[in-house]
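Chain residues, written in single-letter form:
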Amino acid sequence: MSTVLVVGASRGIGHEFARQYAADGARVIATHRRPQDAERLRALGARPIALDVLDTAALADFGARLATERIDVAILAAGVYGPRTSGLEPPTPADFDAVMHTNVRAPMLLIPMLAPPLVAARGKLVVLSSRMGATGTMTRATGWLYRASKAALNNVLKAASLELGPREVICMAFHPGWVRTDMGGAGAELDVTESVTRMRYVIAAANDSHNGKFLNYNGEQLSW
């Protein structure tokens, strides 16, 4: 039985990853912030663990709890969009810290903790990024704080791939598509079930050639 970790499984894409993997018989460890989300995850067959990725002490404790695990797939899905800006509106200090600490600093703290369990299983590390973080294809300034955070996350993933790839861990960043979730909104073009199903297919088939890549949900390689 494979072990799958989903960080940020309370709702949206992370919740759907937890649901699908549990339904297929995987042992799923799923993190959540609110107490009421624990029962929803347990009902899916997942093992819920409370975790606030902005709490450094909680992250350290979480890493200690996973120290003896073997993790086949780790999915870092926790993320926030921040202010819905249309141009160059300066972010407030609070907005900047919330977005950058959630989308960038938390993965930079989690990935070193997850490295030993992933190496032990020759596993796969997945971060949920966004095409909005691609520098070369940017045509709009919309949501520039979110864009900056996802560009930084892409660099975090690339650095991790250089360290963990030689240790047989495949590291990938995914653009999940514009998905109908609380973040994506009701007008988004892609159902969350389809997005996750197709990403899972790519994850399952991934080999060494996928390490350090930025991928669309359908497996298409994207430009950084």
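This structure is a prediction, so every number in the text was calculated from the model and none was measured.

A.B. asks: Summarise the environment of Leu222; cite the residues concerned and give the values.
C.D. replies: Checked against the element boundaries, Leu222 lands in the segment after strand S7 (213-216). According to the relative accessible area criterion, Leu222 is buried, its value standing at 8%. Taking the C-alpha atoms as reference points, Leu222 and Ala151, 71 residues apart in sequence, are found 13 Å from one another. Those residues in contact with Leu222 that lie beyond four places of it in its chain are Arg131, His175, Phe214, Leu215 and Asn216.

A.B. asks: Talk me through helix H2 (residues 35-44); I want residue IDs and the actual numbers.
C.D. replies: Taken as a whole, H2 has its buried residues at Asp37, Ala38 and Leu41. Angularly, the buried residues of H2 cover 110° about the axis, an arc narrow enough to put them on a single face. Set apart from the buried face of H2 by more than 90 degrees, the exposed residues are Glu39 and Ala43. On its buried face, H2 sits against helix H1 (12-23), strand S2 (27-32) and strand S3 (47-50). At the C-terminal side of H2, Gly45 shows a positive phi close to 100°.

Reading the values: the criteria
- Residues numbered from 1 in each chain as written.
- Predicted model: local features only at pLDDT ≥ 70, side-chain atom pairs only at ≥ 80, totals over all residues.
- Heavy atoms only, no water.
- Helix = DSSP H or I, 4+ residues; strand = E, 2+ residues; numbered from the N terminus.
- Buried < 20%, exposed > 50% of the residue type's maximum accessible area, 1.4 Å probe, protein only.
- Contact = heavy atoms within 4.5 Å.
- Arc of directions from axis to C-beta.

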